[in-house]
Amino acid sequence: DGGITQSPKYLFRKEGQNVTLSCEQNLNHDAMYWYRQDPGQGLRLIYYSQIVNDFQKGDIAEGYSVSREKKESFPLTVTSAQKNPTAFYLCASSFRGIANTEAFFGQGTRLTVV
Amino acid sequence: EDKVVQSPLSLVVHEGDTVTLNCSYEVTNFRSLLWYKQEKKAPTFLFMLTSSGIEKKSGRLSSILDKKELFSILNITATQTGDSAIYLCAVETGGSYIPTFGRGTSLIVHP
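Residues numbered from 1 in each chain as written. Chains lettered and ligands numbered in written order. Predicted model: local features only at pLDDT ≥ 70, side-chain atom pairs only at ≥ 80, totals over all residues. Heavy atoms only, no water.

A few words on the packing of aromatic side chains. In the structure shown here, the tally under the stated rule is 10 aromatic pairs over all chains. With a centroid separation of 5.9 Å and an interplanar angle of 75°, the aromatic rings of A:Tyr47 and A:Phe55 are classed as edge-to-face. Geometrically, the ring pair formed by A:Phe105 and B:Phe101 is edge-to-face, given 6.1 Å between the ring centres and 75° between the ring planes. One end of the pair, A:Phe105, is in strand β10 (residues 104–105); the other, B:Phe101, is in strand β10 (residues 99–101), on a second chain. Taken as a pair, A:Phe105 and B:Phe101 share a single burial class, namely buried. Through pairs of rings, three or more aromatic residues link up here, namely A:Tyr33, A:Tyr35, A:Phe105, B:Tyr36, B:Phe45 and B:Phe101. Looking at A:Arg68, its charged tip hangs above the ring of A:Phe74, at a distance of 6.0 Å from the centre. (Phe/Tyr/Trp six-rings, centres within 6.5 Å; stacked < 30°, edge-to-face > 60°. Helix = DSSP H or I, 4+ residues; strand = E, 2+ residues; numbered from the N terminus. Buried < 20%, exposed > 50% of the residue type's maximum accessible area, 1.4 Å probe, protein only. Lys NZ or Arg CZ within 6 Å of the ring centre and 35° of its normal.)

Residues and elements named next belong to chain B. Among the nonpolar cores identified, the biggest contains 21 residues, and Tyr25, Leu33, Trp35, Tyr87 and Leu107 are the most heavily contacted of them. The set of elements that each furnish at least two residues to this core consists of β3 (19–26), β4 (30–38), β5 (44–49), β7 (61–66), β8 (71–76), β9 (85–93) and β11 (105–110). Beyond its immediate sequence surroundings of up to four residues, Tyr25 is in contact with Lys3, Val4, Phe30, Leu33, Leu65, Asp66, Lys67, Leu70, Phe71 and Val91. (Core = buried A, V, L, I, M, F, W, Y, C linked by side-chain atoms within 4.5 Å. Contact = heavy atoms within 4.5 Å.)

For the structure shown, the criterion picks out 2 disulfides over all chains. A:Cys23 shares a disulfide with A:Cys91; S-S distance 1.9 Å. One quick way to see it: the torsion about the S-S bond of A:Cys23 and A:Cys91 is about -75°, and its sign makes the bridge left-handed. Of this pair, A:Cys23 sits in strand β3 (residues 19–25) while A:Cys91 sits in strand β9 (residues 87–94), and the two are 68 residues apart along the sequence. Across the pair, A:Cys91 and A:Cys23 agree in class, each one buried. B:Cys23 shares a disulfide with B:Cys89; S-S distance 1.9 Å. Taking the torsion about the S-S bond as the criterion, the B:Cys23 to B:Cys89 disulfide, at about -70°, is left-handed. Of the two residues, B:Cys23 is situated in strand β3 and B:Cys89 in strand β9; the sequence distance between them amounts to 66 residues. Here B:Cys23 matches B:Cys89 in class, with each residue buried. (Disulfide = S-S within 2.5 Å.)

Quick look at the interface of chain A and chain B now. Each partner contributes to the interface: chain A provides 24 residues, whereas chain B provides 20 residues. Of the roughly 1,800 Å² buried between chain A and chain B on both sides combined, carbon and sulfur atoms contribute 57%. The interface formed by chain A and chain B holds 0 salt bridges in total. At the junction of chain A and chain B, the tally comes to 4 residue pairs in polar contact (both at pLDDT 80 or more). Those elements that provide at least two residues to the side of chain A that touches chain B are β4 (31–37), β5 (43–51) and β9 of chain A. Ranked by residues supplied to the side of chain A that touches chain B, first place goes to β5(A) with 4 residues. Within the side of chain A that touches chain B, the residues separate by chemical class into 12 nonpolar, 10 polar and 2 charged. (Buried area = accessible area lost by both parts, 1.4 Å probe. Salt bridge = Lys/Arg side-chain N within 4 Å of Asp/Glu carboxyl O. Polar contact = N/O pair within 3.5 Å; in protein donor to acceptor, adjacent residues only side chain to side chain. Nonpolar A, V, L, I, M, F, W, Y, C, P; charged D, E, K, R; others polar.)

Now for a nonpolar patch on the surface. Residues and elements named next belong to chain A. The grouping of Tyr10, Phe12 and Val114 at the surface amounts to a nonpolar patch, some 370 Å² of accessible area in total. By the secondary structure assignment, Val114 is in the segment after β11 (109–113). On the basis of relative accessible area, Val114 is assigned to the exposed category, the value being 60%. (Patch = residues over 30% accessible without salt bridge, like charges linked within 9 Å, V, L, I, M, F, W, Y side chains within 5 Å. Areas by Shrake-Rupley, 256 points an atom, 1.4 Å probe, with all protein chains shown as cover.)

The values are spatial; any link to function lies outside them.
Right under this line is the structure:
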């Protein structure tokens, strides 16, 4: 089955630690995105990548890092520099350069700082 | 800066009611407007609108776009408890294709 998979579903981090959230897709999509969702805030773009080995900062990239070494994978690292990392993180993917196609989302990772 | 504003932010209704959710936008180089439903985790796609005045319909849900007044509405008729969710509106602009999301409307349908 084609889809987009995020892991883990729940993640607990101690203050000062870096953690990495996984996102894998087998939809052959070029573009992948990371969003952060806080209650009442909608989805805010952290990073996006439209092609392998290239990525761009979104609106709230500070304290986060990404890599895009393979088309299928777009991991997000939440670093200790991110002051308020507790949130729900959503990964999405879509075709690039083809007009009017929707994004597909993973099931999300809920990160809690303890 | 691109802006997408949804209203109301929350709505509580009873089963059988009809609801109208609003999405207005200010963006450069508009390409499309999308509606998603988010029940627990992953948002799922509902509609994509690119042309003014053409209604998209799926069962009890329908949506329409007004590119002159820069807004879209999502209608849900005869609501059911299963319609309880956050409804997200997103706008894609030409060039980057990156969707900008609104804050969402939280809909609760009571039996």
